[in-house]
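As a plain string of letters, each chain reads:
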Amino acid sequence: MAAPPLAAVVGVSGTALTAEEAALFRRCRPLGAILFRRNVESPAQLCALTAALREELGGDAPILVDQEGGRVARLRPPHWAEHPVPAAFEGLDSVAAEANAALLGTACAEAGLDVVCAPLLDLRLPGAHEVIGDRAFSAAPAEVARLGAAWVRGLHAAGCIPVIKHIPGHGRALVDSHESLPRVEAGAAELAADIAPFRDLAASGAWAMTAHILYAAWDASRPATLSPTVIGEVIRGEIGFDGVLVSDDLAMGAVAGLGGDLAGAAISAGCDLVLHCTGRIEETAAVLGACPVLSDRAAGRVAAARAAMLAARRRLDPGALLALRESALAATA
């Protein structure tokens, strides 16, 4: 029996798996991989890359992609269709949002990408940093939950596992966590609005991605990704999320300056998986060298999320989905 994989999802460097990357993955096998624009050239090339990754990682290895629509999309024209920003669906019938997510998911699934890092359940709040902005559905928690649920249904129908993000909420951040660590000073009563959409979708079968944000009301010294308090009491406790919890990218500026073994710290805090996205092999090797194996509990959560997707997957008519979405958007133009 093969040894269990490490509790990590990592990036790769280019449009094909290199011999060095393949050798590293044989020595230190991560659970899965995540792909970016640097990894995407054409449909045939992308299918070959995802097949090569699964040859090394296993047939059920999750391969992640950020494909939200709008400005965050790794699959782009001319080979793939462009999709509206999530904010465009605010106030529209949830059927249109579900159709859009199904179209996004179908393109990903055809390329061998089976975990889509969407939807955002963050609130689109005035005065916050624009890193979220129109990637979020709304400022209203109920509307975010309504459209987020539609997104999850659409991605599931297409054969993809959604990742709700950034739990427990990135909407109040005043700085970009890609660059530095945001500190949110809101009290627990205010933050109840931020966590509400995540609580509503806690049992949806989606994975969840942590926010690299320090919430002073919950843990004054550690960002959520590295905080046993935030993960244990808020994410697993108050929100009630018991699915796969993956960290945001450990190479981001918000946590890069904290030093030490970030992979071990995130897993110890309660994350099931860590994410490292640079694709630079020396960094990937260091992360995998420090990462523990996937726990039995985390493996069970991974299997449950896959089972939920397989149960919801169905045959789709892309033409009908596109017509439904375009009709709804045209009605608001």
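Everything below is about the structure shown above.
Residues numbered from 1 in each chain as written. Predicted model: local features only at pLDDT ≥ 70, side-chain atom pairs only at ≥ 80, totals over all residues. Heavy atoms only, no water.

Engineer: Go over the overall build of the protein chain, please, and point to the residues and values.
Structural biologist: Secondary structure summary: the protein chain contains eleven helices and twelve strands in total. Since a compact globule built from 333 residues should have a radius of gyration of about 20 Å, the 19 Å found for the protein chain is in line with a globular shape. Expressed along its principal axes, the backbone C-alpha trace of the protein chain runs to roughly 55 × 50 × 35 Å. Of the contacts made within the protein chain by residues no fewer than 6 positions apart, 78% connect residues no fewer than 24 positions apart. (Helix = DSSP H or I, 4+ residues; strand = E, 2+ residues; numbered from the N terminus. Rg over C-alpha atoms; globule rule 2.2 N^0.38 Å. Contact = heavy atoms within 4.5 Å.)

Engineer: Can you lay out helix H9 (residues 281-290) for me, pointing to particular residues and giving the numbers?
Structural biologist: Within the span of H9, buried status applies to Thr284, Val287 and Leu288. End-on, the buried residues of H9 take up no more than an arc of 95 degrees, which puts them together on one face. Residues Glu282, Ala286 and Gly289 are exposed on H9 and point more than 90 degrees away from its buried face. For H9, the elements touching its buried residues are strand S1 (6-11), helix H1 (19-27), strand S2 (30-35), helix H8 (262-269) and strand S12 (273-276). (Buried < 20%, exposed > 50% of the residue type's maximum accessible area, 1.4 Å probe, protein only. Arc of directions from axis to C-beta.)

Engineer: Just give me the short version of the pairing of strand S9 (residues 207-210), but keep the residues and values in it.
Structural biologist: Neither face of S9 is left uncovered, since the one carrying Trp207 and Met209 and the one carrying Ala208 and Thr210 both have all their residues buried. As paired elements, strand S7 (residues 161-167) and S9 share four bridges and run parallel to each other. In the strand pairing of S9, Ile164 is matched with Ala208. Pairing of S9 with strand S11 (residues 245-249), which is carried by two bridges, proceeds in the parallel orientation. The partner of Ala208 across the bridge, within S11, is Leu245. (Pairing = 2+ DSSP bridges.)

Engineer: Tell me about the packing of helix H3 (residues 94-110) against helix H11 (residues 318-330), residues and numbers included.
Structural biologist: Where H3 meets H11, the closest approach of the two axes is 8 Å, and the angle between their N-to-C directions is 135 degrees. Considering their axes alone, H3 and H11 lie oblique with respect to each other. The way H3 lies across H11 gives a crossing that is left-handed. Of the residues in H11, those in contact with Val95, Ala96, Ala99, Asn100, Ala102 and Leu103 of H3 are Pro318, Leu321, Leu322, Leu324, Arg325 and Ala328. Its residues assigned to classes, the contact of H3 with H11 comprises ten nonpolar, one polar and one charged. (Axes fitted to C-alpha atoms, helices over the stretch in contact; angles between N-to-C directions. Parallel < 35°, antiparallel > 145°, perpendicular 65-115°, else oblique. Left-handed = near helix turned anticlockwise from the far one by under 90°. Nonpolar A, V, L, I, M, F, W, Y, C, P; charged D, E, K, R; others polar.)

Engineer: Pulling in residues and values, what's your account of the nonpolar core?
Structural biologist: Core analysis: the largest hydrophobic core is formed by 102 residues, its most contacted members being Phe25, Leu53, Leu113, Trp151, Trp207 and Leu273. With seven residues, the top contributor of residues to this core is helix H4 (residues 141-158). (Core = buried A, V, L, I, M, F, W, Y, C linked by side-chain atoms within 4.5 Å.)

Engineer: Any chance you could break down the pattern of salt bridges for me, citing the residues and the numbers?
Structural biologist: If you walk through the whole model with that rule in mind, you get 22 salt bridges. We note a salt bridge from Lys165 to Glu68, for which the minimum N-O separation is 2.9 Å. On the criterion of sequence distance, the pair formed by Lys165 in strand S7 and Glu68 in strand S4 (residues 67-69) is long-range, its members being 97 residues apart. Among the salt bridges present, the one from Asp272 reaches Arg236, with a minimum N-O distance of 2.9 Å. Of this pair, Asp272 sits in the loop between H8 and S12 while Arg236 sits in helix H6 (residues 228-238); the two residues are 36 residues apart in sequence, bridging distant segments of the chain. Each member of the pair, Asp272 as well as Arg236, is classed as buried. A cluster of three or more residues bridged by salt bridges with shared partners is formed by Asp66, Glu68, Arg74, Arg135 and Lys165. (Salt bridge = Lys/Arg side-chain N within 4 Å of Asp/Glu carboxyl O.)

Engineer: Give a description of the sheet that holds strand S3 (residues 63-65) that names residues and reports values.
Structural biologist: Strand order in the closed barrel formed by eight strands is S1-S2-S3-S6-S7-S9-S11-S12, with parallel pairing between adjacent strands. Pairing analysis gives two bridges linking S3 to strand S6 (residues 115-116), with the strands arranged parallel. Directly across from Val65, in S6, lies its bridge partner Val116.

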